[in-house]
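Chain by chain, the residues run as shown.
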Amino acid sequence: MHFPAEQLLNLYRLAPEVVLCVFGMLIMVLDPLVEAANKQVLGWLGFAGALAALAAVRLMANDPGPAYSRLIVADPFSIFVHVVTIGAAALAILGSLNYLDSEGIQRGEYYSLVLFATAGMGILAGANELVTAFIGLEMSSISTYILAGFRRRALESNEASLKYFLLGSFATAFFLYGIAMVYGAAGSTKIDDVQAFLESWQAANGTPSALAMLGLGLMFVGLGFKVVAAPFQIYAPDVYQGAPSPVTALLASAPKAATFAVMLRIFCVAFGGSAHYWFWAIAVSAVLTMFIGNLAALVQTNVKRMLAYSSIAHAGYILVALAASTSAGVAAVLFYLAAYVLMKVGAFLVVTHLGQQGEKRLEIRDYAGLGMKQPLLAASFSLFLLSLLGLPATGGFLGKFFAFQAALYLRDPRFVWLVVIAALNSVIGAYYYLRVIIVMYFSEPSGDYVQTAVAPALSLALVLAAAGTLYLGLFPARVLILAKAAADSLSLR
Amino acid sequence: MQTQPSLLTVVTFLPLLSVAALLLLRADDHLWIRRIALAASLAEFVVSLFLLRGFDAAESHYQFEEVHEWIGQAIHYHMGVDGISLFLVLLTTFLTPLAVVCSWRSIHENVQGFFISLLVLETGLIGVFVSLDLFLFFVFWEAMLIPMYFIIGMWGHEHRIYAAVKFILYTMFGSILMLVAILWLFNLTGTFDLQDIQAKLQAGIVSLAPVTELLLFGAFFLAFAIKVPLFPFHTWLPVAHTEAPTAGSVILAGVMLKLGTYGMLRFCLPLFPDAAHRMAPLIGVLAIIGIVYGALVATVQHDLKRLVAYTSVSHLGFVVLGIFAFSTVSIEGAIYQMLNHGVTTGALFLGVGMLYDRRHTHEIKEFGGLATPMPVLMSFFLFISLSSLALPPLNGFIGEFLVLIGTFEHHPIWASWAASGAVLSAIYLLWAYQRVALGEIRVDANRTLPDATTRERAILLSMAIMILFMGIASPLFTKRMEVSTNSVLHQMERARNAWRSAPVEPAGKPTVVLPRPAAARITDRWVP
């Protein structure tokens, strides 16, 4: 503590995480003091924590720069990802408030865990050093392992938690092993040092360091698991289906965004000079991911499972833009993530509400006649589905549009193929998204359908997500400028 | 170039605005929902007539232009009309009120949703015709699918869901590759603006390698050919038509199919003239197959609505043939035929819909001798059929005739094959009319059918007047198209010359695209 000013600056650049953790601990402390009937207050406190963290991000944006000897950087890139992940967490909290009541599992630690997970994602977003990234990854993962099993009495929730935990820790071990390899090669785990090392190595030897590339491959296993890229996607449908619906909303959105952020830093910045060498790994994974996600989603009858496969497919589209490894590509990934988070959280929150107590109504046929019974809910769900499908005037379309554009911009036949495959995949996707809309609007409601009013908190979340989806679809310029600025703040090669 | 809000924005978004009015009404207030929908669509038609008044027939540029920045500097809100799109916009605004009226009684479930879909659809269709920015065009092109999807899927007949899904998947499959092509064009030219792209291609600033041009042409053409639909991409059409409610069929046949032929004229020809010339023989043959095949299949239909649907395959074949014969006369004929087909086939579907409202069937064998109980309706039916089979001096004659003469200039063999389609159309339409209207009444239920109501007479009369007017007063239309038609052909010539004089690519490794032009010219323009 010799230089308090510098220490303060460090804290300042870590402000969102500090705020999130403080609120998380506050909720834990207050939990025993709050009566069981009033536990929802803790949820609102968690929401306030997320909002406060967003305010902290705004503060952080005033004075960007590195912190803690460059372990963390608060650059526009990190700020953009912070807003995306914290926003997703805030929406998920809003969607959880009434869900937990109806499931009888309203507890303070739920919200604490969501905030801790979000803090971990914030660290991932700002990590400029691989072990720091690993800490962020673990922090967000361990919290979400517990969250996935939060419906303790439901068998599928336990299964989801255990599966996620076992496979997840296995995957993060790969990540750690990869870091060790990179350290062995480069003698440092800082992103910029690794970049400098790889460049000088490549200048001297012509090819990239084999040890570092091996490390990159191992890291891809860990990160690919988190973003649900094939062939590491096996766990996702089971986990997403079994986890409590609002947790699935969180799982499918924020951690993915944060992990993509760290992937961008590792692949496009640290290993940006060897893009030519890792391209095929990402391209093959992207093609597999898209096909597996879309084709498997075609035959699902469970909405949650279908949306799980759909989020696998979306990881594939994002990988296409990532493979471009250019400033435009990074900007496209970031824009895509913003749109993706909104529509995915929105869709899963609708599922949360319609599942009703005990998550009984999750089959597509349970949605029959929803368009007539609850027109607004059906309209917002349709909006999210159409955005996932990529229909113009929604954020999802522009996400794909910019991703494809960034890939084609390289004028490389390999990318042309990749984009054509991605484009055709989005038509396959049209079938299963439209199928839900068909059932909602074109089928007669089934007899035992119980109509339930949408709680105010959930309505707020849905309105925010829907408005965001439309805003990104119609007036994307502002967010695009931010994404572009974020991409430019990385030192890409 | 005008940047203030122009009439086109009003014309495009007025229907969408009236949707807001519909949403304010209670969902079970059917009468007022219908009335407001009708008032909105009529107001829209009146407003669109001002376009006609302000249109300068001698001007070869786009008129009523409006440009605003939208996303970064590359994507603009750019609208304008020329002699080609003007009448297609008017066709849309003319048919929509009729579609509203014909759904007055026949739609009784979720009435609000139906009229909202219809008005949103109108905005989408007009938007496609007036967009001069490829991105804006694509947004309208895709967005209009959703209301049509709902119209078929919610208010259609028995197999409506199958039809709706087939319709939307076919179209999306076509358009997604067009999106890739649009992005590719952007990468080459740095803009989405149609005029800028054309200018760059014609001036030789950007030249496309033959393979690239062919691929881009193919991506655009496939999207449009599915929409037209050109043989062999037509299989979605009979299903969609048969299952759609009357209003859906009217708009689908009347306007939506024209989007395909319009797209060929607006994009495929001026942007990729060389590929268009190279592919013309193949496309001409497909068009002729469509003409003859559509006519033959229509002849053997026992479902009246399906029969009318197949006539579209045949008639749109004429349009495609006219476009790819590349002469002023044939292209003018093709545009005129687009309008005719919109009015005539729209009217045929309206007539079929009226029969369906009475008997709830489309089976021809269920009818017969209908002229006795329904003289007025059947007379109109005959009149419309005669227009469809191109009897002079009705509108259908002018279009087909112009296409045939124009085609004959360069391709006498094509013209003679196509002429056989005109003969076949007389066979299937008159035979159908005979089986429906003439002879003995075979089914008892037909004896007491009521004749056309006042509402129906109003619809049929306005259609009949339009048919006659377009037949007699065709110069009023063609003189406004001529300049634009010539300018399309001019652009093609200029672009072809530019391509010929462009430097030849170095031999060696075949590249899919040209070498990257100087960085200064193509900058990343997403963000100002």
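Residues numbered from 1 in each chain as written. Chains lettered and ligands numbered in written order. Predicted model: local features only at pLDDT ≥ 70, side-chain atom pairs only at ≥ 80, totals over all residues.

Trainee: Which parts of the structure should I look at to understand the overall build of chain B?
Mentor: When its secondary structure is counted, chain B shows 19 helices and 2 strands. C-alpha atoms of chain B, sized along the principal axes, occupy 75 × 55 × 40 Å. By sequence separation, contacts in chain B at least 24 residues apart represent 81% of the contacts at least 6 residues apart. (Helix = DSSP H or I, 4+ residues; strand = E, 2+ residues; numbered from the N terminus. Contact = placed C-beta atoms within 7 Å.)

Trainee: Looking at this structure, how should I read the overall build of chain A?
Mentor: Of the regular secondary structure elements, chain A holds 20 helices and 2 strands. Radius of gyration (C-alpha) of chain A: 21 Å, near the 23 Å computed for a compact globule of 493 residues. Projected onto its principal axes, the C-alpha coordinates of chain A cover approximately 75 × 55 × 40 Å. For chain A, buried positions account for 63% of its 493 residues. Taking the contacts inside chain A whose residues are at least 6 apart along the sequence as the reference set, 81% of them involve residues at least 24 apart. (Rg over C-alpha atoms; globule rule 2.2 N^0.38 Å. Buried ≥ 20, exposed ≤ 12 C-beta atoms within 10 Å, placed from the backbone.)

Trainee: Explain unusual backbone geometry here, please?
Mentor: What is expected of a backbone is that most residues other than glycine have negative phi and most peptide bonds are trans. Omega for the bond connecting A230(A) with P231(A) falls within 30 degrees of zero, at 5 degrees, which places this linkage in the cis form. Residues P392(B) and P393(B) are joined by a peptide bond in cis, for which omega reads 0 degrees. Structurally, the position occupied by P393(B) is in the loop between α15 (375-388) and α16 (395-410). Of note in the backbone geometry, E359(A) takes a positive phi value of approximately 50 degrees without being a glycine. With respect to the helices, strands and loops of the structure, E359(A) is situated in the loop between α14 (327-355) and α15 (370-373). Positive phi, normally seen in glycine, also occurs at A390(B), with a value near 70 degrees. Here A390(B) is to be found in the loop between α15 and α16.

Trainee: Please clarify how the pairing of strand β2 (residues 75-81) of chain B should be interpreted in this entry.
Mentor: The side chains of a regular strand alternate between the sheet's two faces. All names here are of chain B. Judged by how many residues are buried, β2 sits mostly within the fold: 6 of 7 residues are covered. Direction of pairing for strand β1 (residues 63-71) relative to β2: antiparallel, over a ladder of 6 bridges. Counted as the bridge partner of Q63 is V81 from β2. Linkage of β1 to β2, two consecutive antiparallel strands, is achieved through a turn of 3 residues, within which G72 is found at a positive phi near 60 degrees. (Pairing = 2+ DSSP bridges.)

Trainee: I would appreciate a short explanation of the interface of chain A and chain B in the present structure.
Mentor: How big an interface is tends to be stated in terms of the accessible area lost upon association of its parts. Each side of the interface is counted separately: chain A has 28 residues, and chain B has 30 residues. Broken down by secondary-structure element, the contributors of at least two residues to the side of chain A that touches chain B are α17 (395-408), α18 (413-442) and α20 (477-488) of chain A. Ranked by residues supplied to the side of chain A that touches chain B, first place goes to α18(A) with 14 residues. In terms of residue class, the side of chain A that touches chain B is built from 24 nonpolar, 2 polar and 2 charged. (Nonpolar A, V, L, I, M, F, W, Y, C, P; charged D, E, K, R; others polar.)

Trainee: Help me understand the packing of helix α4 (residues 76-103) of chain A against α20(A) in this model?
Mentor: Describing two packed helices takes the angle between their axes plus the distance from one axis to the other. Residue and element names in this part refer to chain A. Direction vectors running N to C along α4 and α20 enclose 135 degrees, while the axes themselves pass 7 Å from each other. Of the possible angle classes, the one that applies to α4 and α20 is oblique. For the pair α4 and α20, the contacting residues are P76, F77 and F80 in the first and L482, A483, A485 and A486 in the second. The residue makeup of the contact of α4 with α20, split by class, is 7 nonpolar, no polar and no charged. (Axes fitted to C-alpha atoms, helices over the stretch in contact; angles between N-to-C directions. Parallel < 35°, antiparallel > 145°, perpendicular 65-115°, else oblique.)

Trainee: For this particular structure, what's the right way to read the packing of helix α13 (residues 303-324) of chain A against α17(A)?
Mentor: All names here are of chain A. Two elements in contact, α13 and α17, have axes separated by 8 Å at closest approach and are oriented at 35 degrees. Here the hand of the crossing between α13 and α17 comes out left-handed. Together, Y317, I318, V320, A321, A323 and A324 of α13 and K400, A403, A406 and A407 of α17 make up the contact between the two elements. Across the contact of α13 with α17, the residue classes break down as 9 nonpolar, no polar and 1 charged. (Left-handed = near helix turned anticlockwise from the far one by under 90°.)

Trainee: What exactly am I supposed to notice about the nonpolar core here?
Mentor: Residues and elements named next belong to chain A. Grouped together as the largest cluster of nonpolar side chains are 406 residues, with contacts concentrated most on F335 and A407. With 22 residues, α14 is the single largest residue contributor to this core. If near-sequence neighbours (up to four positions away) are discounted, A407 is found in contact with V320, A321, A323, A324, F415, L418 and V419. (Core = buried A, V, L, I, M, F, W, Y, C linked by C-beta atoms within 7 Å.)

Trainee: Hey, could you run me through helix α6 (residues 145-155) of chain B in this one?
Mentor: For an α-helix, the turn length of 3.6 residues means that residues three or four places apart are oriented alike. Burial runs high along α6(B): 11 of the 11 residues are buried. For α6(B), the secondary structure elements touched by its buried residues are α18 of chain A together with α4 (111-130), α5 (134-143), α7 (160-189), α10 (236-243) and α11 (246-271) of chain B.

Trainee: Explanation requested: the environment of L167(A) in the structure shown.
Mentor: Mapped onto the elements of the fold, L167(A) is located in helix α7 (residues 155-186). On a C-alpha basis, the gap between L167(A) and P64(A) in space is 36 Å, while along the polypeptide they are 103 residues apart.

Trainee: Help me out: how do you make sense of helix α13 (residues 304-323) of chain B in this one?
Mentor: The end-to-end C-alpha separation of α13(B) is 29 Å, in line with the 28 Å expected for 20 residues at 1.5 Å each. In terms of residue burial, α13(B) counts as a mostly covered element, since 20 of its 20 residues are buried. (Expected span 1.5 Å × (residues − 1).)

Trainee: I keep staring at the confidence of the model for chain B and nothing clicks. Help me out?
Mentor: Residues and elements named next belong to chain B. Here chain B averages 84 in pLDDT, and 93% of its residues register 70 or above. Averaged pLDDT values over the elements of chain B bottom out at 78 in helix α19 (residues 474-501) and peak at 92 in α5. Below a pLDDT of 50 lies the segment residues 503-528, which in the model reaches 33 contacts outside its immediate sequence neighbourhood of four places, other chains included. Interface scoring of the predicted complex returns ipTM 0.89; its pTM is 0.90. (pLDDT = per-residue confidence, 0-100.)

Trainee: What exactly am I supposed to notice about the environment of Y340(A) here?
Mentor: All names here are of chain A. Among the structural elements, Y340 can be located in helix α14. Between the C-alpha atoms of Y340 and A196, which are 144 residues apart in sequence, the distance is 33 Å. With residues up to four places along the chain from it excluded, the contact list for Y340 reads H314 and G399.

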